[in-house]
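# Secondary and tertiary structure notes
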Amino acid sequence: MTDILLSLQITALGMGLVFGAILLLWLMMVLLTRFAADKGASTTLSANSPAPAPVPQADFKLQAAALAVAIALAEQGQSTAHPLPEPPTAIVSAWQLGMRTSQRAQKGNFRRH
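Residues numbered from 1 in each chain as written. Predicted model: local features only at pLDDT ≥ 70, side-chain atom pairs only at ≥ 80, totals over all residues. Heavy atoms only, no water.

### Some details on the overall build of the protein chain
- A tally of regular secondary structure across the protein chain gives three helices and zero strands.
- A total accessible area of about 11,100 Å² is found for the protein chain, and carbon and sulfur atoms account for 69% of it. (Helix = DSSP H or I, 4+ residues; strand = E, 2+ residues; numbered from the N terminus. Areas by Shrake-Rupley, 256 points an atom, 1.4 Å probe, with all protein chains shown as cover.)

### Here we look at helix α2 (residues 57–78)
- Compared with an ideal rise of 1.5 Å per residue, which puts 22 residues at 32 Å, α2 spans 32 Å between its outermost C-alpha atoms and is within 8% of the ideal.
- Among the 22 residues that make up α2, zero are buried, leaving the element largely open to the surroundings. (Expected span 1.5 Å × (residues − 1). Buried < 20%, exposed > 50% of the residue type's maximum accessible area, 1.4 Å probe, protein only.)

### Focus: helix α3 (residues 94–107)
- The terminal C-alpha atoms of α3, which comprises 14 residues, lie 20 Å apart, in line with the 20 Å expected from a rise of 1.5 Å per residue.
- Just downstream of α3, Gly108 is the residue with a positive phi angle, here 85°.

### Points about the confidence of the model for the protein chain
- Confidence in the prediction for the protein chain averages 81 pLDDT; 79% of positions are at 70 or higher.
- The least confident element of the protein chain is α2, whose mean pLDDT is 85; the most confident is helix α1 (residues 2–44), at 88. (pLDDT = per-residue confidence, 0-100.)

### Some points on the environment of Thr33
- Among the structural elements, Thr33 can be located in helix α1.
- A distance of 2.9 Å separates a polar atom in the side chain of Thr33 from the backbone oxygen of Val30. (Polar contact = N/O pair within 3.5 Å; in protein donor to acceptor, adjacent residues only side chain to side chain.)

### Topic: a nonpolar patch on the surface
- A cluster of nonpolar side chains, contributed by Leu23, Trp26, Leu27, Met29, Leu31 and Phe35, occupies part of the molecular surface with about 670 Å² of accessible area.
- On the secondary structure map, Phe35 appears in helix α1. (Patch = residues over 30% accessible without salt bridge, like charges linked within 9 Å, V, L, I, M, F, W, Y side chains within 5 Å. Salt bridge = Lys/Arg side-chain N within 4 Å of Asp/Glu carboxyl O.)

Set out below in structure tokens:
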């Protein structure tokens, strides 16, 4: 009976340590995000700096499309890829053909047309 109690105590201690470590990591992530978010928000916008002018969304899309086309054309010119030649057909010797035919006949998969 004492072995069972000892094993249950060890199990409870191990599980408690695991969950305690998870809670500690969760608490550290919450604190880090809270401190990082406050610091980042206060440095980006201050009372003395003017607000940035809004840029239309269409200009961003147009610039992104033009950049994508330019990159694709540059990569196409630098490409060294070429189509691979087809591998030569496998030439089966008469011995291999005879062995394969006898194996198929033994398995019952051989049909003469």
